[in-house]
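# Topology and contacts: notes
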Amino acid sequence: MFSVLRTLSPARPRLGRDASELAFALLLVAPVVALVTVFKWVPLLTGATVSLRKSVGTEREAFVGLGNYERMFTDDAWLAALVNSLKGLSLLPLFVLVPLLLAFILYRGIFGWRFFRSLMFLTSLLPPVMVGIMLNVILAGDGPLNALLQAIGLGAFAIPWLGTSGSAIWTVYAIIGWASVGLGVVIFMAAFGTISEELFDAAKIDGASFFQTFFHVAMPMVRGTVAFYGILIGAALLLATFPWVYSLTGGGPGYASMVPDFYIYRIFGRAVDPGYASALGIILLGLTLAVVLVQYRFIYLRSQEG
Amino acid sequence: MTTGRYDGARRPIRGARSRLTRPRRIGKLFAIIAFSLLAASTILSLAFLLNSALKSRGQFLVDRFGIASPITFDAFVEAWQRGLMPGSMINSLVYTIGGVISLWIIATPAAYAFTQLRFPGRSLFFLVVIASVLIPFQVIMFPFFVQLRDFGLLNQVHGLILTYTVFGVPLTLFQLAAYFRSLPKEILEAARIDGAGTLRMLVDVVIPMSKPVFAVTGILNFIWMWNELLLPLLIMSKQDRQPMMVVFSNLHSPNEVNAGLVAAGALAAMVPVVVVFLIAQRQLIKGITAGAFK
């Protein structure tokens, strides 16, 4: 992440740097810094302290120390949400490799690649809520997908995808993957564009098959981008599932498709227990940081070697 | 190096060429079929949505999958009314365009200062802003909400725009800073030699040269702000202040039987994003991929 500081320019000669230019510079950055500090960093600290308190009915908060955190262990909905998060993270390799392979196929050129890329990219830009509503209808027990499955003889698979406990969360993740594949394709295609064509020529001369070229030439050359995208999607799977669950299942049936960020919203909105909601948020933050840092340390940094 | 496919005269053995190209051709065929299926899933889904929206309520109940005939726009009319249009669309436009402009105004001078000027704490402040992107909203949801309430910003237009600005700052600042840093130093030096002061540099030199990055940040911000659900859901409790995304998502409830209404609403809410996409596809792709290579 510190490479981000490299976007700042290197030291410049001091041309008339006096107090007024200094004040001017600080004035220019003040709004941005103030906004972020006041509305993100301070609430983070406040959230941590609030998580140590509990609202009891109409009484104001009482200090309960780690009571909220203990409560999590017996909260079935939260536990289900955590398990579902792990299920999602287990799909992370798929969420990264599928767009990578699709991008490579398009990059090597098939008929209509521009159209396919555009369509997939557009799908990833559509509002998740609306896509969710649309698919809610399409994947219903008596919806068009099941009708289609029955028509081609796969009637055994015609279940209510989002309404069955076993399949609900996996269907949600499949939808998220389907909708977001376009973003990955666009990013990876651009990454492939930075590979010198000579490498592919050499591979062809050596008689490499398509997949050999993919695994031994293309993938290694873009591993930095792959690592970066993995971090992005990993964070999104934990923090950006809200609109999908909101529109697809509402966490149900029961808690089968509950996810942490949706559950926190529920606690905040209905149960009105800000202490507990904040504690859950802290745990979610910890989980997110863990996922991001593990990926950063073991995948991204390694991708930058050699 | 031989591949064994050439005879002594370096002429390809009959059959060698087809062995090289046959797998390629079949592979490409499979690929086209696979992508077509994927494309079909999107197109058919949207087509089904449109089809449902063009049926009257009675039509839909009778025949859910057939082509709408005759085509009626009742569902759209009802969606317009139930969706509190045009108010909700105006709200969306105000919040989204307001957010985009607000970000431009606030982040541009800051990016300029971070990349072109020197001052103590420059690296630290930059890191503080950029790193804030790691803070998940759910963690700060409650204190953030309380802060907005205490500042009197709940249910206020400027409250939501401020919120959008806060959450959009890290990425926009990063993109602007990266672009400003890449500006050719010769032009900047020349302007300085011509006597341009710091402010004039920003206004008369840097900003005019930065149209591409303004386009990209504007488009990206427009899209995520238009699509945003959670923030307006929390901040705007008064119905007449809610943007399209909130109002139209409420049309879809377990009690709602009128699928045409829901479909029409969903389509209406998607339209602006599609329009922006069609206009600015190339910019978008360039903008998203610019920062992805480390």
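Now for a description of the structure that goes with this document.

Thresholds applied
- Residues numbered from 1 in each chain as written.
- Chains lettered and ligands numbered in written order.
- Predicted model: local features only at pLDDT ≥ 70, side-chain atom pairs only at ≥ 80, totals over all residues.
- Heavy atoms only, no water.
- Salt bridge = Lys/Arg side-chain N within 4 Å of Asp/Glu carboxyl O.
- Helix = DSSP H or I, 4+ residues; strand = E, 2+ residues; numbered from the N terminus.
- Buried < 20%, exposed > 50% of the residue type's maximum accessible area, 1.4 Å probe, protein only.
- Contact = heavy atoms within 4.5 Å.
- Buried area = accessible area lost by both parts, 1.4 Å probe.
- Polar contact = N/O pair within 3.5 Å; in protein donor to acceptor, adjacent residues only side chain to side chain.
- Axes fitted to C-alpha atoms, helices over the stretch in contact; angles between N-to-C directions.
- Parallel < 35°, antiparallel > 145°, perpendicular 65-115°, else oblique.
- Left-handed = near helix turned anticlockwise from the far one by under 90°.
- Nonpolar A, V, L, I, M, F, W, Y, C, P; charged D, E, K, R; others polar.

## Things to note about the pattern of salt bridges
Residue and element names in this part refer to chain A. For the coordinates displayed, the defined rule picks out four salt bridges over all chains. The closest approach of N and O atoms between E197 and R108, which form a salt bridge, is 3.6 Å. Residue E197 is found in helix α9 (residues 197-205), and its partner R108 is found in helix α4 (residues 92-108); the two are separated by 89 residues along the sequence. Note on E197: relative accessible area 38%, which makes it partly exposed.

## Concerning unusual backbone geometry
Residues and elements named next belong to chain B. The omega torsion of the bond from M85 to P86 falls at -5°, within 30 degrees of zero and hence cis. One can find P86 in the loop between α3 (74-82) and α4 (87-116). Although it is not a glycine, N155 adopts a positive phi angle of roughly 60°. Assignment of secondary structure puts N155 in the loop between α6 (137-150) and α7 (157-181).

## Structural notes on the environment of F142 of chain B
Structurally, F142 of chain B is set in helix α6. For F142 of chain B, a relative accessible area of 15% gives the class buried. F142 of chain B sits 115 residues away from G27 of chain B along the chain, and the two C-alpha atoms are 53 Å apart. The contacts of F142 of chain B, once residues within four sequence positions are left out, are V50, F268, P274 and S278 of chain A.

## Looking at the interface of chain B and chain A
Across the contact, 96 residues belong to chain B and 99 residues belong to chain A. Note on chain B versus chain A: buried area summed over both sides is about 9,300 Å², and carbon and sulfur give 78% of it. Our count for the chain B to chain A interface comes out at zero salt bridges. Our count for the contact surface shared by chain B and chain A stands at seven residue pairs in polar contact (both at pLDDT 80 or more). In terms of residue count, the dominant contributor to the side of chain B that touches chain A is helix α1 (residues 16-53) of chain B (15 residues).

## Quick look at the packing of helix α1 (residues 19-50) of chain A against α6 of chain B
One can describe the packing of α1 of chain A onto α6 of chain B by two numbers: an axis separation of 8 Å at closest approach and a directional angle of 110°. Relative to α6 of chain B, the element α1 of chain A is oriented roughly perpendicular. Seen from above, α1 of chain A lies across α6 of chain B with right-handed handedness. Between α1 of chain A and α6 of chain B, the residues in contact are V38, F39, K40, V42, P43, L44, T46, G47 and V50 of chain A and V139, I140, F142, P143, F144, Q147 and L148 of chain B, respectively. A per-class count over the contact of α1 of chain A with α6 of chain B returns 12 nonpolar, three polar and one charged.

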